[in-house]
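What follows is each chain in one-letter form.
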Amino acid sequence: MPDTSTGVVVIGGGSTGAGVLRDLALRGIDAILVEKGDLASGTTGRSHGLLHSGGRYCVNDLAAAIECVEEGRILRRIAKTTVEDTGGYFVSVSPGDEAWEPRFVDGCKKAGITCERISVEEARRREPALSTQVRTVFWVPEDGHLDPFYLVIGNVESARRRGAQVRTYTEVTGFVKNGNRVAGVISRDTVTGEETTIGCQAVINATGAWAGFVARLLDVEVKVVPVKGVMVVLSRRLAHAAINRCHKPGDGDIVVPGLSVAILGTTAVKVAHPEVLPIESDEVRLLIEEGAKMLDGVTTARAMRAYAGVRPLYDLGAQAEGREMSRNFAVIDHEERDGIAGFASIVGGKVTTYRLMAERVTDLVARRLGVTTPCTTADVPLNDREDEMDQLRHRPAQLGVPKPHGEELALQPLLCECELVRPQDVEPWVTDPAVRTLEDLRRRTRAGMGPCQAAVCSYRLAGRLVTDRGLDGRTATRAMADFLETRWRGVRHVFWGSQLRQAQVTAGLHLELFNVDRQLQFEGDDPRRPSLFTVPADVEAVGQP
Amino acid sequence: MRCDIAVVGSGLAALVATRTLQRAGRDPVLIWPGLSSLYFLYATVDVLGYANATTAQPVEQPVTGVRQLIADHPDHPYARAGLAALQDGSSLLLEWLREAGFNWQGTLAHNLLLPTATGTPKPSCLVPTSMVAGDLQRDEPIAFCGFDGYQDFIPELAASNLSRAWNGGRRTVTAVRVPVPGIKPDRLLTSIDLARSFEDANFRRDVAGRLRRAVRNDGARLGLPAVLGLTHDADVHAEFEKESGRPVFEIPTLPPSVLGLRLFDRLRRHIQETGVEMIWAAPAHQAEVANGRCLRIHLKSAGREQPVEARAFILAVEDAVDGAWRAGVQTVRDPFFHRLLAQHANPTERTDESLFQPQPFAAIGYPVSDRLQPIDEDGRPLASNVFVAGGAIAGYDPAGIKARGGMAVATGYRAAQEAMAA
């Protein structure tokens with residue numbers, strides 16, 4: 001007997017799983033999403049946040065490019081508040097790049113990407129930081145910045161309002177089968193270890209780079225190639241728009257400005273396991289060197305942290321490797337392919353096309369369940385209720401509130417000054433049972449993502465855990481220490497220049513003014529081993545964004 | 001410009017060195033590069049809180065602890081400075097604080113155990129009188145007091161932690177909050193706002209009245225965030241104790257830390273008012289050495305470089321906090337002699353994987369002689385008339401042993417003595 005029952009279990013709380021959950025909910029299908037960590041804690045939350053115009057793929061991967069064009073336009077309609085409409089540039093800085101230009105222009109035309117060549121002078125007028133090495137500039141207005149955390153939370157909240165359920169820190173450890181039909185999943189709470197069986201009619205495996213591990217529980221193979229990408233966060237934006245190198249996609253060829261920071265991307269290294277993502281100093285150096293070819297100030301801006309994510313590339317059987325592999329996606333109907341009914345996997349793809357991926361796999365599962373309600377996710381906005389703005393905890397900038405030097409906001413308290421997070425942005429999440437660590441709170445509010453890397457807000461948030469959530473001081477202090485440690489793991493990779501000053505202040509505050517090292521010691525809490533109300537060690541990957 | 005002795009730095013080591021020179025009748029110039037740890041990280045002068053970075057046992061007698069540390073680690077900055085420099089420097093500092101209008105107390109013979117903003121007991125040596133009533137070696141119960149809408153001190157967090165840590169949980173610790181008179185709850189409230197308000201007698205009386213009603217336990221001491229006045233803090237504290245009818249103690253908060261601000265502001269103002277020339281916000285670099293002596297250093301003042309000639313130089317720059325070191329991806333160099341202070345294949349080597357462990361980067365600095373001169377690989381001084389104080393000394397890591405103030409005082413005082421003799 002299952003402990004609970006639903007129509008469909010969605011495994012994976014990234015953008016794809018969240019999109020699937022919402023799609024199911026909009027079609028009136030009962031669903032539960034299970035995620036072994038926090039929402040957006042895997043690939044989605046470690047992306048660089050580029051909303052692809054398709055320009056990066058239009059030469060080598062036309063199908064993926066066309067999807068990006070359409071999905072980008074849809075997202076600007078349905079997920080307006082998660083998108084910063086920056087536009088983008090493709091810039092040539094070498095003769096090799098110039099040779100790529102005709103192919104790029106041709107690709108844009110074929111994919112339907114708006115692309116306009118502008119003079120370097122005009123480009124520099126718009127983006128004064130463009131480097132002197134830049135020879136040619138194309139304006140691609142449909143590149144943008146997509147906040148991956150808000151996207152996932154927005155989808156999940158929209159689905160929850162329609163009755164869908166979400167269980168984070170819940171790992172699928174097995175399946176219940178009825179003959180050749182999947183009849184449920186066995187899940188384990190990764191904090192308490194408690195096992196639960198969820199009965200269902202179908203399971204959708206939306207675990208991206210982890211899809212092979214989930215499929216193996218049913219003795220079927222899904223070949224996903226995990227390809228690591230390292231990114232560096234700079235403490236300033238440097239540019240208004242996304243800056244892409246106009247060449248065959250390679251390492252370190254994109255700078256994505258988002259809110260107050262810029263992210264340098266990225267590398268591509270095939271890895272053995274999606275959770276073992278070491279950040280090499282050579283990768284960090286390369287990102288900075290390559291970024292500096294396109295933008296001045298990349299070498300002198302303060303690098304705040306480095307982090308690594310993993311692309312879930314699907315092996316379509318071609319001979320390609322790593323970046324050469326398609327960014328396209330595939331729906332795997334395991335009933336047809338492996339004779340296992342009630343199980344489907346969605347693999348490959350990217351955050352920009354999450355909605356389409358969700359639509360395709362939901363189409364399949366809905367058909368099998370005999371549900372004929374069509375997909376409406378391209379039309380119904382995420383913000384489909386009046387209180388949605390509030391639900392999504394929009395950043396002050398998006399509410400049109402003046403920046404801190406404007407009078408109105410200057411008088412309002414901020415819980416995290418770096419990211420302009422107000423107490424009311426944090427309050428609803430502090431008591432949300434899905435929030436188990438301060439990192440979870442960060443993903444929902446951006447608190448702690450700015451230049452001080454939680455040195456200040458971690459104390460205030462620990463206070464909230466005591467006053468609002470009723471945790472004891474020990475647990476709250478431990479959560480604060482874990483938060484700082486997670487931030488520290490990213491800071492360490494860019495430990496030069498003025499970063500030393502910040503680190504000295506952070507360490508001085510917590511070790512000297514607060515004596516937190518002795519507090520942890522007194523309680524026997526080793527901050528190198530996260531625990532308690534926090535993430536178990538095996539979920540923790542290297543270098544969170 | 002030309003001067004007797006040039007002191008470069010804006011932390012406590014630089015101030016103590018300058019004051020030592022001033023008291024000895026010399027004519028120092030203080031070259032002040034910018035904000036220092038004094039502003040961010042100071043509340044008390046901690047001399048030695050723990051014998052090493054990992055022990056849980058606080059040091060009871062700092063002077064005995066430092067003597068032992070010197071015996072065990074002859075290369076430690078305390079050993080280079082010497083116990084006498086710590087003792088004489090501390091006396092000089094306390095006298096200076098008094099003269100500058102501060103009310104401080106403490107002796108090297110004894111550590112207080114004061115609760116921090118996380119409710120953690122911390123050993124401190126020389127402290128503002130406004131913090132003394134927090135000593136956990138006293139028995140009275142404690143009520144931590146916070147303010148509605150003020151986020152930089154959380155009484156509930158402090159109370160919960162301290163009630164476990166203090167004497168095995170056998171003491172009473174409570175938390176209360178009161179609204180801030182006359183301030184709307186949706187307004188940004190910083191420590192400085194509150195400190196300014198506390199200078200007002202009506203405000204103070206109002207808060208005292210609210211706290212008298214909120215704290216039920218008659219025997220309790222009141223632990224408040226350090227916001228009891230910005231410039232008249234000694235009076236504010238005394239009067240607030242009278243008005244609330246209980247012992248009151250301040251607790252250092254997140255920056256802006258009023259305790260650090262008071263020190264930072266008034267010490268440098270006092271030193272200026274008593275005739276020491278200060279050059280503001282001018283990072284110094286480039287030592288010109290001839291015949292084993294430094295002739296001049298250069299200031300990056302607005303628009304042009306300005307040379308400063310002196311008979312002796314004290315480099316009391318604070319490694320990381322004031323950005324003195326030139327920290328590249330693989331090398332760390334000093335700005336005066338361009339010495340390679342550290343080299344790393346990977347910048348991660350500069351840190352421990354945990355923030356709460358001793359950090360290799362903190363120890364980066366000039367190797368120094370027994371006279372605190374920066375030395376080369378063979379132990380020869382880079383210049384016989386240059387002396388180093390504070391965080392710029394190699395192996396200087398006060399965080400784990402809680403010795404930031406004491407190490408600054410000892411090395412600042414000693415460097416000044418050596419500079420006068422040079």
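Remember, it's a predicted structure, so these values are computed and weren't measured experimentally.

Undergrad: Which residues make up the overall build of chain A, and what are the values?
TA: Counting its regular elements, chain A contains 17 helices and 22 strands. Counting across all 545 residues of chain A, residues that qualify as buried make up 60%. Of the contacts made within chain A by residues no fewer than 6 positions apart, 73% connect residues no fewer than 24 positions apart.

Undergrad: Describe the overall build of chain B, listing the residues and the values that go with them.
TA: Scanning chain B from N- to C-terminus turns up twelve helices and 18 strands. Taking 2.2 N^0.38 as the reference for a compact globule, 422 residues should give roughly 22 Å; the C-alpha atoms of chain B span a radius of gyration of 22 Å, in line with that estimate. Over its C-alpha atoms, taken along the principal directions, chain B stretches across nearly 70 × 40 × 40 Å. The burial tally for chain B puts 55% of its 422 residues in the buried class. For chain B, the proportion of contacts with a sequence separation of at least 24, taken over those separated by at least 6, is 69%.

Undergrad: Explain the interface of chain A and chain B to me, and be specific about the residues and the numbers.
TA: Opposite the 54 residues of chain A that make contact, chain B presents 48 residues. Breaking the side of chain A that touches chain B down by element, the ones donating at least two residues are α7 (281-294), α14 (457-467), α15 (473-491), α16 (499-513) and α17 (516-523) of chain A. In terms of residue count, α16 of chain A provides more of the side of chain A that touches chain B than any other element does, twelve residues in total. Here the residues of the side of chain A that touches chain B sort into 28 nonpolar, 15 polar and eleven charged.

Undergrad: So, the pairing of strand β2 (residues 8-11) of chain A: which residues are in play, and what are the values?
TA: Residues and elements named next belong to chain A. Side-chain alternation along β2 places Val8 and Val10 on one buried face and Val9 and Ile11 on a second face that is also buried. Across four bridges, the pairing between β2 and strand β3 (residues 31-34) is parallel. Residue pairing for β3: Ile11 is matched across the bridge by Val34. Between the parallel pair β2 and β3, the chain is carried across by helix α1 (residues 15-26), and the sense of this crossover is right-handed. The pairing of β2 with strand β14 (residues 202-205) spans four bridges and is parallel. Looking across to β14, one finds that Val9 is bridged to Val203.

Undergrad: Describe the nonpolar core, with residues and values.
TA: Formed by 310 residues in total, the largest nonpolar core has its most connected members in Leu21, Ile204, Val232, Leu234 and Val255 of chain A together with Ala17 and Ile314 of chain B. Leave out the neighbours within four places in its chain, and Ile314 of chain B touches Ile5, Val7, Val8, Ala17, Phe387, Ala389, Ala415, Ala416 and Ala419 of chain B.

Undergrad: If you had to explain unusual backbone geometry to someone new, which residues and values would you point to?
TA: Residue Pro256 of chain B is bonded to the preceding Pro255 of chain B through a cis peptide linkage, with omega at 0°. Within the secondary structure, Pro256 of chain B is located in the loop between β10 (248-251) and α11 (258-273). Phi at Ala454 of chain A is positive, roughly 75°, even though this residue is not glycine. Inspection of the secondary structure assignment puts Ala454 of chain A in the loop between α13 (438-445) and α14. Ala454 of chain A gets classed as buried once you count the C-beta atoms within 10 Å, which come to 26. Here the phi dihedral of Asn515 of chain A falls at roughly 60°; this positive angle occurs in a residue that is not glycine. Position of Asn515 of chain A among the secondary structure elements: in the loop between α16 and α17.

Undergrad: Talk me through the domain arrangement of chain B; I want residue IDs and the actual numbers.
TA: Domain boundaries in chain B define domain 1 (2-101 + 263-421) and domain 2 (141-246). If you average the C-alpha positions of domain 1 of chain B and of domain 2 of chain B, the two centres end up 35 Å apart.

Undergrad: So what's going on with the confidence of the model for chain B? Residues and values would help.
TA: With 99% of its residues at a pLDDT of 70 or more, chain B shows a mean pLDDT of 93. Model confidence for the complex is summarised by a pTM of 0.93, with the ipTM given as 0.96.

Undergrad: Any chance you could break down the packing of helix α12 (residues 423-430) of chain A against α13 of chain A for me, citing the residues and the numbers?
TA: Packed helices, taken two at a time, are described by the angle their axes make and the gap between the axes. All names here are of chain A. Close contact between α12 and α13 brings their axes to 10 Å; oriented N to C, the two are set at 130°. When the interaxial angle is binned, α12 and α13 end up oblique. Of the two elements, α12 crosses α13, and the hand of that crossing is right-handed. Of the residues in α13, those touching α12 at Asp425, Val426, Trp429 and Val430 are Leu441, Arg444 and Thr445.

Undergrad: If you had to explain the domain arrangement of chain A to someone new, which residues and values would you point to?
TA: All names here are of chain A. Along its sequence, chain A is organised into domain 1 (4-43 + 149-223 + 327-369), domain 2 (77-145 + 225-309) and domain 3 (395-539). Look at where the C-alpha atoms of domain 1 and domain 2 centre, and you get two points 32 Å apart. Residue composition of the side of domain 1 that touches domain 2, grouped by class: four nonpolar, two polar and no charged.

Undergrad: Lay out the sheet that holds strand β8 (residues 173-178) of chain B with the relevant residues and their values.
TA: Residues and elements named next belong to chain B. Overall, parallel pairing links the four strands, which are arranged β8-β7-β9-β10 in an open sheet. Only two strands of the sheet have a single partner each, and these edge strands are β8 and β10. Each strand of the sheet is rotated relative to its neighbour by a mean of 30°, with strand direction disregarded. Bridge count between strand β7 (residues 142-147) and β8: six bridges; the pairing is parallel. Bridge assignment links Phe144 to a residue of β8, and that residue is Ala175. Across the sheet, helix α7 (residues 155-165) is in contact with β7 and β8; its angle to β8 comes to roughly 175°. Packing against the sheet, helix α9 (residues 201-214) makes contact with β7, β8 and β9 (221-225), and its axis sits at approximately 135° to β8.

Undergrad: I'd like a description of the sheet that holds strand β16 (residues 331-333) of chain B, backed by residues and values.
TA: All names here are of chain B. Strand order across the open sheet formed by three strands is β15-β16-β17, with antiparallel pairing between neighbours. Edge strands, defined here as strands with exactly one partner in the open sheet, are β15 (326-327) and β17 (340-343). Across three bridges, β16 lies against β17 in antiparallel orientation. Residue Thr331 lies in a different strand from β17, and its bridge partner there is Gln343.

Undergrad: An account of the confidence of the model for chain A is requested, with residue identities and associated values reported.
TA: Here chain A averages 89 in pLDDT, and 89% of its residues register 70 or above. Scored below 50 in pLDDT, residues 534-545 of chain A shows 38 contacts in the model against residues more than four places distant or in partner chains.

Undergrad: So what's going on with the environment of Ala399 of chain B? Residues and values would help.
TA: Residues and elements named next belong to chain B. When you line up the elements, Ala399 lands in the loop between β18 (386-388) and α12 (404-421). Judged by the 21 C-beta atoms lying within 10 Å of it, Ala399 falls in the buried class. Residues Ala399 and Ala6, spaced 393 residues apart in sequence, show a C-alpha to C-alpha distance of 28 Å.

Undergrad: So, α13 of chain A: which residues are in play, and what are the values?
TA: Residue and element names in this part refer to chain A. Counting buried residues in α13 gives eight out of eight residues, a clear majority hidden from the surface. Tucked into the core, α13 has its buried residues touching α5 (148-160), α12, α14 and α15. Following α13 by one or two positions, Arg446 adopts a phi angle in the positive range, close to 75°.

Conventions we followed
Residues numbered from 1 in each chain as written. Chains lettered and ligands numbered in written order. Predicted model: local features only at pLDDT ≥ 70, side-chain atom pairs only at ≥ 80, totals over all residues. Helix = DSSP H or I, 4+ residues; strand = E, 2+ residues; numbered from the N terminus. Buried ≥ 20, exposed ≤ 12 C-beta atoms within 10 Å, placed from the backbone. Contact = placed C-beta atoms within 7 Å. Rg over C-alpha atoms; globule rule 2.2 N^0.38 Å. Nonpolar A, V, L, I, M, F, W, Y, C, P; charged D, E, K, R; others polar. Pairing = 2+ DSSP bridges. Right-handed = clockwise from strand over helix to strand, strands pointing away. Core = buried A, V, L, I, M, F, W, Y, C linked by C-beta atoms within 7 Å. Domains from an automatic or database assignment. pLDDT = per-residue confidence, 0-100. Axes fitted to C-alpha atoms, helices over the stretch in contact; angles between N-to-C directions. Parallel < 35°, antiparallel > 145°, perpendicular 65-115°, else oblique. Left-handed = near helix turned anticlockwise from the far one by under 90°.

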